[in-house]
Amino acid sequence: MLIAILAGLLVAFAAPQLYRLLGKMIMVPMVLLPLALFVYFCTFLAPVLNGQTVVQEFRWISSLGVNLLFQLDGLSLFFSLLITSFGTLIMAYAASYLKGDALLGRFYLYLTLFMTAMLGVVLSANILCLLVFWEVTSISSYLLISYKHKYEVARASALQALLITNGGGLCLMAGLILLGTAGDTYSIVELQQMHSVLADHHLYVPIVLLVMLGAFTKSAQFPFHVWLPNAMAAPTPVSAYLHSATMVKAGVYLLARFTPMLGGSDLWNYTIMAVGAVTAVVGAFLALQQLDLKAILAYTTISALGSLITLIGIGSPFALQAMLVFLLAHALYKGALFMIAGTVDHATGTRDTTKLHLLGRRMPMLSAAAVLSALSMAGILPFFGFIGKELLYEGTYEAPAYAIPLTICIVFSGVAFVAVAIRLGFGIFFRKSGEPTTIAHQPETALWLPPLLLSLIGLLFGLLPGTSVTPLLNAAAAALIGAQQAGLDLALWHGFNTILMLTLLTIALGIAAYTFTNVFTTWPVHLERLYKIGPGQLYYGLKKAASVGAVALIRNVQNGSLRSYVAIIILTFVVFVVAAIWQEALFSVVSSQTWLTAFGDIELNEYLLILLMLPATIFVSTTRSRLIAITTMSLVGYAIALAYIFFGAPDLAATQFLIETLTAVLFVLVLHKLPKLSPMVKSPKINLKYISLSVLFGATMSYVMVMVRQFPLDSELKAYYGAASWLEAKGRNIVNVILVDFRAFDTLGEITVLAVAVIGIFSLLQLYPEKGDQL
């Protein structure tokens, strides 16, 4: 499986170069990759269908428990086949859709990277490994959505998708780290066997909430759904792939995968059910109001994702199996319909349904694909969409709690699906509602064949569900609920029952909704006030507030004044130290005897150093001569070096001497090129502020030092370094040994930084500004 990931990455990053070499024939290697991966994963069908799980592990960061651990069970194989099969068709479709695009190689890079990341998500059996691929899907989708980066709407939409999904990704990262802490492992296989341990753990609630946030943002659940319709700024092949088999299904996959380890609690079930049901209704409600083909499909995707999440929230074995069936049915017709919408746009130059009329006779193959896909979407016999919708209704109708309200929400969603299916499969192709729309050119074969294949597969799966997909779906269900409970027996006809009545009711109401399409499409005018406080406006409000806050923060913190920076650093340090002392109630632990002893131990030579530094410090703050200021500051620095010598730290003293000398020399070298020195202290008020801060800092440090004197640290490190310095490093000076042996790489890094600084200073000194210029 690692080979599949590496192959995807290799081909992805080679795509731009392949485009330069092969031109339009780049389609060949880009289609062959997902096709080869599809065949590769098909070779695992036999063992996986027999109940085996293929596991591969490659060491990465073993000391932290982070390894490239992959597993291929029924659920992983189901998603892998979905991703690679749809990837094959999308790659072929994209070649014609973006024919002549100068950046086609870059597009294939992004798309292949996206596909590879999705494979990584569904194959990973290490939760941190899964997180890495999860984030790569966010980044690659950002690149795909902003592919037409010359347009502001593309950039804004991509940024919105990135902010929302990456915000959820951060929550997921925190949740996964807590999960690993609670289970003491990052292995999904091991975590799934610790359900009771995790459920009783005190971190269970934050883990569940954080994991949910990650999944909800990725799968566009309310109120995070706003990014998905705007992501339609991406080219249509991206939309088709993203909505059918990849990114938006990642959240569904995550919740399904984690159900065996985190599911079963009221928090898990009711939260997911509520969010999913609301999303299903909101998506369906908004879909009825749209006129743009891709917008209509985007909102129905949101509704479908809500239905899938609802089934996961219900959590019963039958609901989880129904979720898998409906997911496959949705992928088949949604992928086809998105490609059909793209082809219509490609041929006519518009996606506005009010401007599209009578396309059927002039694009017969495309209209055939549209009709077949629309019938599956509407849940009509004998399509696979009918089976998926039947199980969806049955799963909610038989929910152990809140069955009636859940069923009403899902049926409402189904009504919108029927109305939308009629608009897409009949309205723009056959309805006589205006003059035939002008077709600029007939679509190429690659623009109608992939959606036609998907629609025919939807019909085939509907006619032969038992032999075509049932074994794979059962294997996928077994990964969630166990092989003993996985017993799907898909069939087209289940007799006259309540579910069939609901289906007939849905179709009747859907036809009525289609008849009154104009009523729904005029709703936005009356709901304008509601939309102004909706999640979309909330996003833009938060974004604007963050921008204003960032500007204010930079204006006050990064104001260009070195004194302000130092003051902020000191004040922050003092606040943390005082807070720690306050929290531990250490304000009065230092005895008066300790104070007397501390001051009594000060030697005469140390008082002389203080007498040397104090007037120098006062003088340097009042002088307007740079030369005098530098000389006086060096006096303070040398006094500190002497203090190091008195306290038995000759190494530090030598360093201090060198730094002071080097600083003085550098300043003198550039002195004549510096501007005039302004008075450092501008007013008594500012004087008082900085004096107060200095006194506060000095008092805090004095108290801490005296407290340390009363309560000396009993660290094992001192004894360890004392013993190991000679035995292991053959050094008698512990400080030197720590620097050059135990902290060798840190020291090397510090030396490198200093070397870079020296090079920079040397380059600065080589500048010869023109007369009048200043450094």
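For the structure itself, look to the data block above.
Bear in mind that the values here come from a model prediction, so they are computed numbers and not experimental data.

1. What to know about the overall build of the protein
Right, so step 1: Looking only at helices and strands, the protein has 36 helices and two strands in total.
Right, so step 2: Projected onto its principal axes, the C-alpha coordinates of the protein cover approximately 105 × 65 × 55 Å.
Right, so step 3: Across the 775 residues that make up the protein, the buried fraction comes to 48%.
Right, so step 4: In the protein, the proportion of contacts linking residues at least 24 apart, taken out of those at least 6 apart, comes to 78%.
Right, so step 5: Accessible surface for the protein amounts to roughly 37,200 Å². Of this, 69% is attributable to carbon and sulfur atoms.
Right, so step 6: Averaged over its 40 positive side-chain charges, the protein has a centre that lies 16 Å from the centre of its 33 negative ones.

2. Some details on the nonpolar core
Right, so step 1: If you look at the biggest cluster of nonpolar residues, it comprises 207 residues, and the most contacted ones within it are Phe 41, Leu 179, Trp 227, Phe 258, Leu 262, Met 323 and Phe 384.
Right, so step 2: Top contributing element to this core by residue count: helix H16 (residues 317-348), with 21 residues.
Right, so step 3: Dropping the residues within four chain positions of it, Leu 179 is found in contact with Ile 127, Thr 185, Leu 191, Leu 198, Ile 207, Phe 258, Met 261 and Leu 262.
Right, so step 4: If you look at the next biggest cluster of nonpolar residues, it comprises eight residues, including Val 577, Ile 581, Val 590 and Tyr 703.

3. Side note on a nonpolar patch on the surface
Right, so step 1: The grouping of Leu 21, Leu 22, Met 25, Val 28, Leu 32, Leu 35 and Val 39 at the surface amounts to a nonpolar patch, some 620 Å² of accessible area in total.
Right, so step 2: Looking at the nonpolar patch, the elements with two or more residues in it are helix H1 (2-22) and helix H2 (27-42).
Right, so step 3: At four residues, H2 tops the list of elements feeding residues into the nonpolar patch.
Right, so step 4: Relative to the helices and strands, Val 39 is located in helix H2.

4. With respect to the environment of Ser 138
Right, so step 1: By the element assignment, Ser 138 lies in helix H6 (residues 127-145).
Right, so step 2: For the pair Ser 138 and Leu 162, spaced 24 residues apart in sequence, the C-alpha to C-alpha distance is 6.3 Å.
Right, so step 3: In contact with Ser 138, other than residues within four places in its own chain, are Leu 162, Thr 165, Asn 166, Lys 218 and Met 247.
Right, so step 4: At a separation of 2.6 Å, a polar atom in the side chain of Ser 138 contacts the side chain of Lys 218.

5. Quick look at helix H22 (residues 470-481)
Right, so step 1: Taking 1.5 Å of rise per residue, the 12 residues of H22 would be expected to cover 16 Å, and the 16 Å separating its terminal C-alpha atoms lies within 8% of that figure.
Right, so step 2: Counting buried residues along H22, 10 of its 12 residues qualify, which places the element largely inside the surrounding structure.
Right, so step 3: Along H22, the residues classified as buried are Thr 470, Leu 472, Leu 473, Asn 474, Ala 475, Ala 476, Ala 477, Ala 479, Leu 480 and Ile 481.
Right, so step 4: Looking at the packing, one finds that the buried side of H22 touches helix H3 (45-49), helix H4 (74-97), helix H13 (247-262), H16, helix H18 (384-397) and helix H21 (465-468).
Right, so step 5: Gly 482, located one to two residues past H22, shows a positive phi value of around 95 degrees.

6. Some points on the packing of helix H12 (residues 236-244) against H13
Each pair of packed helices can be described by the angle between their axes along with the distance between the axes.
Right, so step 1: Across the interface, H12 lies against H13 with an axial gap of 5 Å and an inter-helix angle of 10 degrees. When the interaxial angle is binned, H12 and H13 end up roughly parallel. Across the interface between the two elements, Leu 242, His 243 and Ser 244 of H12 pack against Met 247, Val 248 and Lys 249 of H13.

7. Points about the pairing of strand E1 (residues 54-61)
Right, so step 1: Sheet topology places E1 next to strand E2 (residues 66-72); six bridges connect them, and they run antiparallel. Each residue of the ladder has a partner; that of Glu 57, found in E2, is Leu 69.
Right, so step 2: Taking the residues that link successive antiparallel strands as the turn, the E1-E2 hairpin has four residues, and the phi of Gly 65 there is positive, at about 75 degrees.

8. Some remarks on unusual backbone geometry
Note: most peptide bonds trans; most residues except glycine with negative phi.
Right, so step 1: Residues Phe 222 and Pro 223 are joined by a peptide bond in cis, for which omega reads 5 degrees.
Right, so step 2: Locating Pro 223 in the fold gives a position in the loop between helix H10 (204-218) and helix H11 (227-230).
Right, so step 3: At the junction of Leu 381 and Pro 382, the peptide bond is cis and its omega measures out at 0 degrees in the coordinates.
Right, so step 4: Backbone geometry places Asp 184, a non-glycine residue, at a positive phi of 60 degrees.
Right, so step 5: In this structure, Asp 184 sits in the loop between helix H7 (152-183) and helix H8 (188-192).

9. Structural notes on the pattern of salt bridges
Right, so step 1: Summed over the entire model, instances satisfying the criterion amount to seven salt bridges.
Right, so step 2: A salt bridge links Glu 444 to Lys 99, with the shortest nitrogen-to-oxygen separation between them at 3.0 Å. Pair noted here: Glu 444 is in the loop between helix H19 (403-427) and helix H20 (445-463) and Lys 99 is in the loop between H4 and helix H5 (104-123), with a separation of 345 residues, a long-range link.
Right, so step 3: Classification of Glu 444 as partly exposed rests on a relative accessible area of 32%.
Right, so step 4: The partner of Asp 345 in a salt bridge is Arg 351, with the nearest N and O atoms 3.4 Å apart.
Right, so step 5: Salt bridges sharing common partners tie together Asp 292, Asp 345 and Arg 351.

10. Some words on the packing of H10 against H13
Right, so step 1: The interhelical angle for the contact between H10 and H13, taken along N-to-C directions, is 160 degrees, at an axis separation of 7 Å. Looking at the two axes, H10 sits roughly antiparallel to H13. Side by side, H10 and H13 meet where Tyr 204, Ile 207, Val 208, Val 211, Ala 215, Phe 216 and Lys 218 of the first sit next to Met 247, Val 248, Ala 250, Gly 251, Leu 254, Leu 255, Phe 258 and Leu 262 of the second.
Right, so step 2: A breakdown of the residues in the contact of H10 with H13 according to their chemical character gives 13 nonpolar, one polar and one charged.

How each quantity is defined
Residues numbered from 1 in each chain as written. Predicted model: local features only at pLDDT ≥ 70, side-chain atom pairs only at ≥ 80, totals over all residues. Heavy atoms only, no water. Helix = DSSP H or I, 4+ residues; strand = E, 2+ residues; numbered from the N terminus. Buried < 20%, exposed > 50% of the residue type's maximum accessible area, 1.4 Å probe, protein only. Contact = heavy atoms within 4.5 Å. Areas by Shrake-Rupley, 256 points an atom, 1.4 Å probe, with all protein chains shown as cover. Lys, Arg positive; Asp, Glu negative; His and termini not counted. Charge placed at Lys NZ, Arg CZ, Asp CG, Glu CD. Core = buried A, V, L, I, M, F, W, Y, C linked by side-chain atoms within 4.5 Å. Patch = residues over 30% accessible without salt bridge, like charges linked within 9 Å, V, L, I, M, F, W, Y side chains within 5 Å. Salt bridge = Lys/Arg side-chain N within 4 Å of Asp/Glu carboxyl O. Polar contact = N/O pair within 3.5 Å; in protein donor to acceptor, adjacent residues only side chain to side chain. Expected span 1.5 Å × (residues − 1). Axes fitted to C-alpha atoms, helices over the stretch in contact; angles between N-to-C directions. Parallel < 35°, antiparallel > 145°, perpendicular 65-115°, else oblique. Pairing = 2+ DSSP bridges. Nonpolar A, V, L, I, M, F, W, Y, C, P; charged D, E, K, R; others polar.

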